[in-house]
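Take a look at the letters that make up each chain.
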Amino acid sequence: MNLTTEELSQLYYRMLQARHFEETLEDLFHRRVLHGTTHLGIGQEAAGVGAAFAALKQGDLTILTHRGHNETIGLGADLTMLMGEMFGRSGGCSGGKGGSMHFIDLEHGNYGETGVVGGAYPLACGMAFTQQYNETGKAVLCVGGDGSVNEGNFHESLNLASVWKLPVVFFIENNLYSMSTPLEKEMNIINISDRSQSYGIPGITIDGNDVVEVYEIVRKALDYARSGEGPFLIEALTYRQCGHSKSDRQIYRSEQEVENWKKEDPIPRFAEYLIEHGLAEEGDLYRLERRAYEDVKVALAAAKEMPVPNDDSVYTDVYAE
Ligand SMILES: Cc1ncc(C[n+]2csc(CCOP(=O)(O)OP(=O)(O)O)c2C)c(N)n1
Ligand SMILES: [Mg+2]
C-alpha cells in the first residue's frame, strides 16, 4: 500500500469531517436555518474523499459535480470557508454567491463543482489539454455521477480525451440513482466501466465504499494518465444513504434497501480495517472523531459571524478580467 499510517489517519479524519459537515447541513436545512438546496453525499465518503486524496497527494487537479462536498473536504478545504458559503457570507469559498453547488478551492487544486449534470466532462478535457500543452506533468481527476454518463458530453469528452491522449481520469460515483431514477431505467448495461471499450481506453469497476481500494486505483489511474498514456475510466460502486436533495421523500426505494447499504457504510468499514491491520487503536479513532466534530462546530460558529456580501459584489467575479 502506498499510504503511511499518518496518511491513513488523515484519510479517516477527513471522511469524518465530511460526514459531520453534511449531517450538520442536513440538520440546518431541516430546522430552516439554511435555505436553497444542497446535495449531500452521506454514504459516499470513501469514493469522494479517497479519490480526492489521491489527486491531492500528487498535486493533480480536480473538477466536481453538484454533489462535491466529500471531494472538497478530502482535498483539505477549510471548513469555515465552506460553511460560510452555505450561509451566503462574504468569507465563503465563492464569496457567498454560489452555495452548496459552488464549492471551489484552487489552493488545493479543486477547480470546483458544477450544477450542470455532465458539465464537468468537457471542462476536464480543457484542463487536461492545458496540462499537456504546457507540459506541467499534472493530470486531472474529473468526477461524475451515473446519471451523467448518458449525456452527450460524457461520450464526446471520452472520445476527445482518448484520441488526444489527454491526462484525465474520469471517476464515476455510481450511487445507483439519478434523482429518483434507478440505474436499470437509465441504461441497458450493468457496468458503466464497459463504456471505456467504445473509446479504446482502460476502464474498471471498483468497490466505492472501500477507501483504500479507491485511493489505490485512482492513484494508479492518475499515474497512467500523467505518463502520457491517455485517459482512464473508473466506476466506483457506492450508495447515497440520504435523499437526492433536501426535499426528497425517497418513495422510489425501500427502507430495507437503504438499511442494507448502511451495513456497507464506508466509515465503520474503514475503522474496522485500521484496527484489524493494527494501523490504529480505538482511542485514536475516537480522538479523530471528536476533532472532526469540533472542527464543524467551530466552522459553524465562525460562519455565522461572517458579514454578508456587500452590494458591489454583485458585479465582481462575473466576467474574466
Ligand atoms: C444538464 C442537467 N440536466 C438535469 C439536471 C437536474 N439534475 C440535477 S442532479 C440530477 C441527477 C444526477 O444524477 P447522477 O449523475 O447519478 O448524480 P447523483 O445526483 O446521483 O450524484 C439531475 C437530473 C441538471 N442539474 N443538469
Ligand atoms: Mg447517481
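Each value, and the rule that gives it
Residues numbered from 1 in each chain as written. Chains lettered and ligands numbered in written order. Predicted model: local features only at pLDDT ≥ 70, side-chain atom pairs only at ≥ 80, totals over all residues. Heavy atoms only, no water. Helix = DSSP H or I, 4+ residues; strand = E, 2+ residues; numbered from the N terminus. Rg over C-alpha atoms; globule rule 2.2 N^0.38 Å. Buried < 20%, exposed > 50% of the residue type's maximum accessible area, 1.4 Å probe, protein only. Contact = heavy atoms within 4.5 Å. Areas by Shrake-Rupley, 256 points an atom, 1.4 Å probe, with all protein chains shown as cover. Lys, Arg positive; Asp, Glu negative; His and termini not counted. Salt bridge = Lys/Arg side-chain N within 4 Å of Asp/Glu carboxyl O. Polar contact = N/O pair within 3.5 Å; in protein donor to acceptor, adjacent residues only side chain to side chain. Phe/Tyr/Trp six-rings, centres within 6.5 Å; stacked < 30°, edge-to-face > 60°. Lys NZ or Arg CZ within 6 Å of the ring centre and 35° of its normal. Donors = N, O, S within 2.8 Å, 3.2 Å for Na, K, Ca; no water. Near = heavy atom within 4 Å. Nonpolar A, V, L, I, M, F, W, Y, C, P; charged D, E, K, R; others polar. Pairing = 2+ DSSP bridges. Axes fitted to C-alpha atoms, helices over the stretch in contact; angles between N-to-C directions. Parallel < 35°, antiparallel > 145°, perpendicular 65-115°, else oblique. Left-handed = near helix turned anticlockwise from the far one by under 90°.

1. Focus: the overall build of the chain
Of the regular secondary structure elements, the chain holds ten helices and seven strands. Computed over the C-alpha atoms, the radius of gyration of the chain is 19 Å, within 12% of the 20 Å expected from 2.2 N^0.38 for a compact globule of 321 residues. Expressed as lengths along the three principal axes of its C-alpha atoms, the size of the chain is roughly 55 × 50 × 40 Å. For the chain, the proportion of its 321 residues judged to be buried stands at 52%. Taking the intrachain contacts of the chain between residues at least 6 apart in sequence as the baseline, contacts between residues at least 24 apart amount to 75%. Roughly 14800 Å² of accessible area belongs to the chain as shown, and the carbon and sulfur atoms make up 50% of that amount.

2. Describing the side chain of arginine 195
One can find arginine 195 in the loop between β5 (181–182) and β6 (203–207). As a buried residue without a salt bridge, arginine 195 has its nearest oppositely charged side chain in glutamate 186, at a separation of 7.7 Å. Within the structure, arginine 195 has its side chain in polar contact with the backbone oxygen of valine 149 (distance 2.7 Å). Residues within four places of arginine 195 in sequence aside, it is in contact with Val149, Asn150, Phe154, His155, Met187, Ile189 and Leu233.

3. Remarks on the packing of aromatic side chains
Per the counting criterion, the structure on display carries twelve aromatic pairs. Both rings, one in tyrosine 177 and one in tyrosine 239, keep their centres 6.5 Å apart while their planes meet at 75°; by these two values the pair is edge-to-face. Here tyrosine 177 is found in strand β4 (residues 177–178), whereas its partner tyrosine 239 is found in the loop between β7 (232–237) and α8 (255–262), with 62 residues between them in sequence. For the pair tyrosine 177 and tyrosine 239, a shared accessibility class is recorded, and that class is buried. Taken together, the aromatic side chains of Tyr177, Tyr239, Tyr252 and Trp261 make up a single cluster linked through ring pairs. Its guanidinium or amino end placed over the ring of tyrosine 13, arginine 291 lies 4.1 Å from that ring's centre, counting from NZ or CZ.

4. Some thoughts on the pattern of salt bridges
Scanning the model with the defined rule gives 14 salt bridges in all. Two residues, glutamate 45 and arginine 19, come together in a salt bridge whose shortest N-O distance is 2.6 Å. Taken as a pair, glutamate 45 in helix α2 (residues 45–57) and arginine 19 in helix α1 (residues 5–30) lie far apart in primary sequence, 26 residues in all. A residue is classified by how much of its surface remains accessible, and arginine 19, at 11% relative accessible area, is buried. Aspartate 27 is paired through a salt bridge with arginine 31; the nearest N and O atoms lie 3.1 Å apart.

5. Observations regarding the coordination of the magnesium ion (ligand 2)
Surrounding the magnesium ion (ligand 2) are the protein donor atoms Asp146 (OD), Asn175 (OD1) and Tyr177 (O), which sit 2.1 to 2.2 Å from the metal. All donors of the magnesium ion (ligand 2) belong to a single chain; written as a sequence motif, their spacing is D-x28-N-x1-Y. No difference in accessibility class separates asparagine 175 from tyrosine 177, as the two residues are buried.

6. Examining the site of ligand 1
Around ligand 1 sit 14 residues in total, of which His66, Arg67, Gly115, Gly147 and Asn175 are the nearest. Here glycine 147 contributes a backbone N or O atom positioned 2.8 Å from an oxygen atom of ligand 1. Relative to its unbound accessible area of 580 Å², ligand 1 is 73% covered by the protein chains. A breakdown of the residues in the shell around ligand 1 according to their chemical character gives four nonpolar, eight polar and two charged.

7. Some words on the sheet that holds strand β1 (residues 61–63)
Spatially, the five strands line up as an open sheet ordered β1-β2-β3-β7-β6, and their pairing is parallel. Among the strands making up the open sheet, the edge pair consists of β1 and β6. Between one strand axis and the next, the sheet turns through 20° on average, direction left out of account. In this sheet, strand β2 (residues 140–145) lies alongside β1 in parallel orientation, the contact comprising three bridges. The partner of threonine 62 across the bridge, within β2, is leucine 141.

8. Observations concerning the packing of α2 against helix α7 (residues 211–229)
Axis separation between α2 and α7 bottoms out at 8 Å; the angle between their running directions is 40°. When the axes of α2 and α7 are compared, the pair comes out oblique. Note that α2 runs across α7; the crossing there is right-handed. Here α2 contributes Ala46, Ala47, Gly50, Ala51, Phe53, Ala54, Ala55 and Lys57 to the contact with α7, which in turn contributes Val211, Val214, Tyr215, Val218, Arg219 and Leu222. When grouped by side-chain class, the residues that make up the contact of α2 with α7 number eleven nonpolar, one polar and two charged.

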